[in-house]
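Here are the chains, one letter per residue:
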Amino acid sequence: LAIATRDPSLPLRHNVQVYDLLTNSAPLSFWASNDRILSMAAVGPKMLATGSRDSSLRLFDVTSGKPIAVLNGHTDAITTIITLDSSSTSEGPFVATTSYDGSIKVWDVRTQRVAQSLHYHPEGVHAATLLPHTYVTVSSRSRPRQNPVPEVKLWDVRGGTLSAGAPPDANLVAALEPLQVAPCVCGHVTSDGDVTNGMGEYLLFSGLDGSVLVWSVGTARAARYSGSHAGPVVAVVPIADETVVTCGADKTVRMFSLDLKHF
């Protein structure tokens, strides 16, 4: 388990603490950035990628905390890092990053270079998640009056590359509109059902009104759950098949179960 922290005595020192949940030993703590860390992802069993507000993508050895590389290419904060499946290619591994600069970049970790750069979110990309063969990105809604609904885009994932997929379902766009989802946080949860053609896959969206919208990829149905937060939900994390944890701007953490049977 990796957690981003800030040293209160040194405002420019942002650290990462890595916990071994099996041994419950003291965490490994190491410097990771001079600016706020907004995203992290495991890249294989021994590497951690961090994305910061300073637009840098950094790679670390999680067994020692030693830096491996600093990858530059974004011009604004990195909001999401996701490891892509590269099992169908001899190259990689690959990670995809999203940023407030509006771009999605796919990085070849082996060569430490940008393998692909896409620019389809002019307002910036606030969140992303990965379904079995689909990469989902969501705009940040930096100008909500001009664009009142978060823009959702779907991408086909093949061998560490992204290509434009089918447009999002019109029912999903309609379901997001009345929820005031801004900023939008995106995640997903999988049920025990068949995940082919999206069955058993659910997207999670949360935002200003403190609620979580659950969207069934397979049936195109939506349900809204109130997380009892007094303000925006800033993170939503699935921890079991039908259980999610939400973190709110009100500094509270809530856990609740989803009733997926009616989907």
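Relevant structure appears above.
For clarity, every value in this text was computed on a predicted model and none was experimentally measured. (Residues numbered from 1 in each chain as written. Predicted model: local features only at pLDDT ≥ 70, side-chain atom pairs only at ≥ 80, totals over all residues. Heavy atoms only, no water.)

(A) Region of the structure containing the overall build of the protein chain. When helices and strands are counted, the protein chain shows one helix and 22 strands. Looking at the 263 residues of the protein chain, the share that counts as buried comes to 46%. Taking contacts inside the protein chain between residues at least 6 apart in sequence as the whole, the part at least 24 apart equals 36%. Approximately 12,800 Å² of the protein chain is accessible, and the part contributed by carbon and sulfur atoms is 53%. (Helix = DSSP H or I, 4+ residues; strand = E, 2+ residues; numbered from the N terminus. Buried < 20%, exposed > 50% of the residue type's maximum accessible area, 1.4 Å probe, protein only. Contact = heavy atoms within 4.5 Å. Areas by Shrake-Rupley, 256 points an atom, 1.4 Å probe, with all protein chains shown as cover.)

(B) Geometry of the pattern of salt bridges. The tally for this structure, following the rule as stated, stands at one salt bridge. Here Arg-53 ties to Asp-35 by a salt bridge, and the two come within 3.0 Å at their closest N and O atoms. Here the residue Arg-53 occupies a position in the loop between strand E5 (47-52) and strand E6 (57-61), and Asp-35 occupies one in the loop between strand E3 (28-33) and strand E4 (37-42), the gap between them amounting to 18 residues. On the accessibility criterion, Arg-53 (42% relative accessible area) is partly exposed. (Salt bridge = Lys/Arg side-chain N within 4 Å of Asp/Glu carboxyl O.)

(C) Structural detail: the pairing of strand E2 (residues 14-18). The buried count for E2 comes to four of five residues, which makes it a mostly enclosed element. Relative to E2, strand E1 (residues 2-6) runs antiparallel, the two sharing five bridges. Within E2, the position partnered with Ile-3 by the bridge is Gln-17. Of the strand pairs in this sheet, E2 and E3 are connected by five bridges, and their pairing is antiparallel. Across the sheet, residue Val-16 finds its bridge partner in E3, namely Phe-30. (Pairing = 2+ DSSP bridges.)

(D) Structural view of the environment of Val-245. Inspection of the secondary structure assignment puts Val-245 in strand E21 (residues 243-248). Judged by its relative accessible area of 16%, Val-245 is buried. Beyond its immediate stretch of four places on either side in the chain, Val-245 contacts Ala-235, Val-236, Val-237, Ile-239, Val-253, Arg-254 and Met-255.

(E) Just the sheet that holds E1, in detail. Read across the open sheet, the three strands follow the order E1-E2-E3; overall the sheet is antiparallel. Only two strands of the sheet have a single partner each, and these edge strands are E1 and E3. Strand-to-strand, the axes of this sheet are offset by a mean angle of 30 degrees, without reference to chain direction. (Axes fitted to C-alpha atoms, helices over the stretch in contact; angles between N-to-C directions.)

(F) Just the packing of aromatic side chains, in detail. A full pass over the atoms with the stated rule returns two aromatic pairs. Seen in terms of ring centroids, Phe-30 and Phe-60 are 5.2 Å apart; in terms of plane orientation they differ by 40 degrees. Their pairing is tilted. Here Phe-60 lies in strand E6 and Phe-30 lies in strand E3, a separation of 30 residues in the sequence. Neither Phe-30 nor Phe-60 differs from the other in exposure class; each is buried. (Phe/Tyr/Trp six-rings, centres within 6.5 Å; stacked < 30°, edge-to-face > 60°.)

(G) Inspection of the sheet that holds strand E15 (residues 161-164) at higher detail. The antiparallel open sheet is built from four strands, whose spatial order is E12-E13-E14-E15. Of all the strands in the sheet, just strand E12 (125-130) and E15 have a single pairing partner and so form its edges. Within the sheet, the average angular offset between the axes of one strand and its neighbour, ignoring direction, is 30 degrees. Inspection of the sheet shows strand E14 (residues 152-158) paired to E15 by four bridges, in the antiparallel sense. Residue pairing in the sheet places Asp-156 in a bridge with Ser-163 of E15.

(H) Region of the structure containing the side chain of Thr-97. The topology assignment puts Thr-97 in strand E9 (residues 94-99). At 2.8 Å, the side chain of Thr-97 and the side chain of Trp-107 are in polar contact. Sequence-distant contacts of Thr-97, that is, excluding residues within four places in its chain, are made with Leu-57, His-74, Ile-78, Thr-80, Ile-81, Ser-103, Ile-104, Lys-105, Trp-107 and Tyr-135. (Polar contact = N/O pair within 3.5 Å; in protein donor to acceptor, adjacent residues only side chain to side chain.)

(I) Layout of the environment of Leu-48. One can find Leu-48 in strand E5. Taking relative accessible area as the criterion, Leu-48 reaches 5% and is therefore assigned buried. Every residue in contact with Leu-48, bar those within four places of it in the chain, is listed here: Ala-2, Val-16, Phe-30, Met-40, Ala-41, Ala-42, Arg-58, Leu-59, Phe-60 and Val-62.

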